[in-house]
2 protein chains.
Amino acid sequence: MSKATKATPLRGGIDLGGTKIEAIVVDDANKVLGSARHPTPTSGGPEDVARAMAAAVREAAQAAGTATEALAGVGVGSPGSVDAQAGTVASARNLPGWDGSFALGAELGRTLGTSVAVGNDVQVAITAEFELGAAKQYSSLLGLFWGTGVGGGLILDGKPWHGRGGAGEIGHMVIHRGGRRCPCGNEGCVEAYAGRAAMEAHARHEIEHGRKSDLIKIMERKGRERFTSAVWATAIEDGDELATELIDDAVKALGAGAASAVNLLDLEAVVIGGGLGVRFGDDYVERIRKAMHEHLFPGHKMPAVRLVSLGDLGGALGAALLVADGAV
Amino acid sequence: MSKATKATPLRGGIDLGGTKIEAIVVDDANKVLGSARHPTPTSGGPEDVARAMAAAVREAAQAAGTATEALAGVGVGSPGSVDAQAGTVASARNLPGWDGSFALGAELGRTLGTSVAVGNDVQVAITAEFELGAAKQYSSLLGLFWGTGVGGGLILDGKPWHGRGGAGEIGHMVIHRGGRRCPCGNEGCVEAYAGRAAMEAHARHEIEHGRKSDLIKIMERKGRERFTSAVWATAIEDGDELATELIDDAVKALGAGAASAVNLLDLEAVVIGGGLGVRFGDDYVERIRKAMHEHLFPGHKMPAVRLVSLGDLGGALGAALLVADGAV
């Protein structure tokens, strides 16, 4: 049979985070040919976020020597409640003015001149780690993404588990009934202790009430408006007491949440990523593993606990896989 | 094609609980033709428990007008860590002297003169509710068994989820980090607050330290040695303050644990059973539902929450299904 010598078209991937937008363009071997990173707008609404996303993927396409219109499609990994069929995103609480539902896929598709598939940010990053990264050898795993929020995703028997569409909210497993209020409104969730936004709110509250800490000074020195992963990392290195206490508590909360998931599902592996997860790296993966061990059901084998291996690009690579998977 | 008019052989099912052994013999439509209930030995070791199990299923067979040797097989739902392939049970902490591994299937098979299949007690009861009972219309569900311990089982996409063999330990999900010590040795598990054995230990401790309660009096009046479901139920009816407080706390713990599982897996249904679950019935299912709702991730739909419909016999029916499923 004759075969046309036409190159497989490139694909785009966008990882939409609470802090930054990471866009890439990849070839059929998932090699990154171009990338761009833009800050996520902190005010405005979904339209503004979509505009920043379009700008980022345009820049990545340009770096790859192409244009978005020539891409096979663009995949998006988004926070909030994603309806993959409809291409809509609702209740993305870490993004500005995004309490309702927004047709992100359609809006981006019009702007970029190609088809757009939308998936859950953490779920696509987990799929990337499962297909290309740290979790290749496992068939059942939990992805634990420690960032602005605490997200999760499950691969069960080699396939992503979506439940009724919203599975993976490990950040909202209850680890301290009657405990700290979570940004989601409930009490005692993992994210209330480990989410960067929740930790910042708690730290600022403590500082306002007279607790000493250099977190704000470090933030200002770095020219930031939030306690980013880098701000937390510097504070820890400097031995800041409040930061150390909150991060220690976050590690314990993540460990308890991951152990709860493993006690329920008896998984082979836990893969840790997210802004803080990647920033803190292997030492903290080991600390989370120890915190998990304290809560692991005595009859269970300890699962493997690994840092994501695709790093910051995992989300965007997983988003680009949405196109390869024929979701577009 | 000619077909021999031979009746399908009957099957046996044994539900091995911390308090009682329930044995049945069923026909091919899962109709119970004979049953027997024996107390679970509280001292001795696995051999003594196996002897009591054999006596119970012999009695059930006799009531059904047959003998165990004529059964197609006997299924067993057992607590502890079950290796279905090997027919062994290990670390059944609610049973006397059962810390190690015991070849329950082989031992019973010899005594009964038929083949024996062993499965996890809660998992087989959940399978029974899924195939024959309250959960027939759902394809993903959590079984939450509130009894001596707090057990669980998952049906995902229409199939039992075993993980690496030990999945379903919802009783050991962490709901109060730094909280009460659980019989499993860890801290803050659901079972530490809701397991009947843990509640009894806590109540006795409180009573010894001067707290007023009629629990012991009620137990003695009923001629029991433990705070059985009936003892708790009577204490609640009598308005016993300590019992009410502990049961209220158990309801909240179960709600938090079930909500955590649903937040992670986005399941269609939660089915509640177990000795206390069945004894307290629909009113308490509604209370657990409300407790779950407080911790449900705001983006999620509330799953259906149902009482088991096969009642006390669910475990034994599910055990008998192990034979029908060709596991023997």
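Along each chain, the written sequence defines residue order, and numbers are assigned to residues from 1. Chain labels run from A onward and ligand labels from 1 onward, assigned in the order the entries are written. Side-chain atom pairs in this predicted model are given and counted only at pLDDT of 80 or more, local residue features only at pLDDT of at least 70, and totals for whole chains, interfaces and linings cover all residues.

## Quick word on the overall build of chain A
Logical step 1: What counts as a helix is a DSSP run of H or I of at least four residues, what counts as a strand is a run of E of at least two, and both are numbered from the N terminus. In terms of regular secondary structure, chain A is built from 10 helices and 13 strands.
Logical step 2: Expressed as lengths along the three principal axes of its C-alpha atoms, the size of chain A is roughly 70 × 45 × 35 Å.
Logical step 3: Considering chain A as a whole, with its 328 residues, one finds that 56% of them fall into the buried category.
Logical step 4: Sequence-distant contacts, at least 24 apart, represent 65% of the contacts inside chain A between residues at least 6 apart. Burial in this document is a count-based property: other C-beta atoms within 10 Å of a residue's C-beta are tallied, and the residue is buried at 20 or more, exposed at 12 or fewer, or partly exposed in between, with C-beta positions derived from the backbone. Note on contacts: each residue gets a C-beta atom placed from the backbone, and two residues are in contact if those atoms are within 7 Å.

## Here we look at the sheet that holds strand S9 (residues 141-146) of chain B
Residue and element names in this part refer to chain B.
Logical step 1: Any two strands are treated as partners once DSSP identifies two or more bridges connecting them. Spatially, 5 strands are ordered S11-S10-S9-S12-S13 in an open sheet, and the strand pairing comes out mixed. Of all strands in the sheet, those bounded by a partner on one side alone are strand S11 (159-160) and strand S13 (304-307).
Logical step 2: With 4 bridges connecting them, strand S12 (residues 269-273) and S13 associate as parallel partners. For isoleucine 272, the partnering residue across the bridge sits in S13 and is leucine 307.
Logical step 3: Against the sheet, helix H3 (residues 121-132) contacts S9, strand S10 (150-156), S11 and S12, and its axis sits at roughly 50 degrees relative to S10.
Logical step 4: To get an axis, fit a line to the C-alpha atoms, keeping to the stretch in contact for a helix; angles then go from 0 to 180 degrees between the N-to-C directions. The strands that helix H9 (residues 274-295) touches are S9, S10, S12 and S13; relative to S13, the one it contacts most, it runs at about 160 degrees.

## What to know about the relation of the copies chain A and chain B
Relating the two copies of this chain is a rotation about some axis coupled with a shift parallel to it.
Logical step 1: When the copies are superposed, the least-squares fit takes in the C-alpha atoms of residues with a pLDDT of at least 70 in both. When chain A is fitted to chain B, the best match, at an RMSD of 0.0 Å, comes from turning it 180 degrees and sliding it 0.0 Å along the axis. Taken together, the turn and the small shift mark the pair as related by a two-fold rotation axis.
Logical step 2: A shared binding surface is used by both copies, with 100% of the interface residues of chain A retained as interface residues in chain B.

## What to know about helix H8 (residues 241-265) of chain B
All names here are of chain B.
Logical step 1: A helix is expected to span 1.5 Å multiplied by its residue count minus one. For H8, which comprises 25 residues, the first-to-last C-alpha distance of 36 Å matches the rise-based estimate of 36 Å (1.5 Å per residue) to within 8%.
Logical step 2: With respect to burial, H8 is a largely interior element, 19 of its 25 residues being buried.
Logical step 3: Once H8 finishes, aspartate 266 follows within two positions and takes phi at roughly 50 degrees, a positive value.

## Some thoughts on the sheet that holds strand S7 (residues 101-102) of chain B
Residues and elements named next belong to chain B.
Logical step 1: Taking strand neighbours across the sheet as the criterion, the 3 strands line up as S5-S6-S7 in an open arrangement whose pairing is antiparallel. Edge positions in the sheet fall to strand S5 (81-83) and S7, since each of these pairs with one other strand and no more.
Logical step 2: Across 3 bridges, S5 lies against strand S6 (residues 88-90) in antiparallel orientation. When the bridges of S6 are listed, serine 81 appears paired with alanine 90.

## Examining the domain arrangement of chain A
Residues and elements named next belong to chain A.
Logical step 1: Here chain A is partitioned into domain 1 (11-121 + 313-324) and domain 2 (134-309).
Logical step 2: As annotated, the domain borders come from an automatic or database domain assignment. Each of domain 1 and domain 2 was reduced to a C-alpha centroid, and the two centroids are 24 Å apart.
Logical step 3: When grouped by side-chain class, the residues that make up the side of domain 1 that touches domain 2 number 1 nonpolar, 7 polar and 3 charged. Ten residues, namely Ala, Val, Leu, Ile, Met, Phe, Trp, Tyr, Cys and Pro, are considered nonpolar, four, namely Asp, Glu, Lys and Arg, are considered charged, and the remaining ones, Gly among them, are considered polar.

## Digging into the packing of helix H1 (residues 46-63) of chain A against helix H2 (residues 104-112) of chain A
Residues and elements named next belong to chain A.
Logical step 1: Between H1 and H2, whose axes approach to 10 Å, the crossing angle comes to 45 degrees. In terms of orientation, H1 lies oblique with respect to H2. As for the relative orientation of H1 and H2, their crossing is right-handed in sense. Of the residues in H2, those in contact with Pro46, Ala50, Met53, Ala54 and Val57 of H1 are Leu104, Glu107, Leu108, Thr111 and Leu112. Orientation categories follow fixed angle ranges, with anything under 35 degrees roughly parallel, anything over 145 roughly antiparallel, 65 to 115 roughly perpendicular, and all other angles oblique. The hand of a helix crossing depends on one turn: near helix anticlockwise from the far one by less than a right angle means left-handed, and clockwise means right-handed.

## What about the interface of chain A and chain B?
Logical step 1: Residue-level contacts link 41 residues of chain A with 41 residues of chain B.
Logical step 2: Broken down by secondary-structure element, the contributors of at least two residues to the side of chain A that touches chain B are strand S10 (150-156), helix H8 (241-265) and helix H9 (274-295) of chain A.

## Describing the confidence of the model for chain A
Residues and elements named next belong to chain A.
Logical step 1: pLDDT is defined as a per-residue confidence score from the predictor, taking values between 0 and 100. Here chain A shows a mean pLDDT of 94. Residues at 70 or above account for 96%.
Logical step 2: When the criterion is pLDDT under 50, residues 1-5 qualifies, and its contacts beyond four places in sequence or with other chains add up to 0 contacts.
Logical step 3: For this predicted complex, the interface confidence reaches an ipTM of 0.87, while the overall pTM sits at 0.87.

## Overview of the environment of B:Leu317
Residue and element names in this part refer to chain B.
Logical step 1: Within the secondary structure layout, leucine 317 lies in helix H10 (residues 314-324).
Logical step 2: Judged by C-beta crowding, with 27 C-beta atoms within 10 Å, leucine 317 ranks as buried.
Logical step 3: In the structure, leucine 317 is positioned 270 residues away from glutamate 47 in sequence and 24 Å away in space, judged by C-alpha atoms.
Logical step 4: Residue contacts for leucine 317: discarding those within four places in its chain leaves Gly13, Ile24, Val26, Asn30, Ala128, Leu132 and Leu310.

## Quick word on the environment of B:Asp15
Residue and element names in this part refer to chain B.
Logical step 1: The residue aspartate 15 is located in strand S1 (residues 11-16) in this model.
Logical step 2: As for aspartate 15 and glycine 77, which are separated by 62 residues in sequence, their C-alpha atoms are 5.0 Å apart.
Logical step 3: If we skip the residues at most four places from it in the chain, aspartate 15 touches Glu22, Gly77, Asp121, Gly315, Ala316 and Ala319.

## Digging into the nonpolar core
Logical step 1: Core analysis: the biggest nonpolar cluster contains 226 residues, and A:Ile14, A:Leu254, A:Val270, B:Ile14, B:Leu254 and B:Val270 have the highest contact counts within it.
Logical step 2: Residues within four places of A:Leu254 in sequence aside, it is in contact with A:Leu144, A:Trp146, A:Val190, A:Ala194, A:Ile288 and A:Ala291. To define a nonpolar core, we join buried Ala, Val, Leu, Ile, Met, Phe, Trp, Tyr and Cys residues through C-beta atoms within 7 Å and take the resulting set.

## Remarks on helix H7 (residues 229-237) of chain A
Residue and element names in this part refer to chain A.
Logical step 1: When H7 is considered as a whole, its buried residues turn out to be Ser229, Val231, Trp232 and Ala235. Buried residues along H7 cover an arc of 165 degrees about the axis, so they all sit on one side.
Logical step 2: Taken together, the buried residues of H7 touch helix H6 (215-221), H8 and H9.
Logical step 3: Positioned one or two residues after H7, glycine 239 has a phi angle of 75 degrees, which is positive. Note that the arc is computed from the directions linking the helix axis to the C-beta atoms.

## A short note on the packing of helix H5 (residues 196-208) of chain B against H8(B)
All names here are of chain B.
Logical step 1: For the pair H5 and H8, interaxial distance at closest approach is 11 Å and the crossing angle is 145 degrees. The way H5 lies across H8 gives a crossing that is right-handed. Each of Met199, His202, Ala203 and Glu206 in H5 lies in contact with H8, whose residues at this interface are Leu242, Leu246 and Ala250.
Logical step 2: Of the residues in the contact of H5 with H8, the class split is 5 nonpolar, 1 polar and 1 charged.

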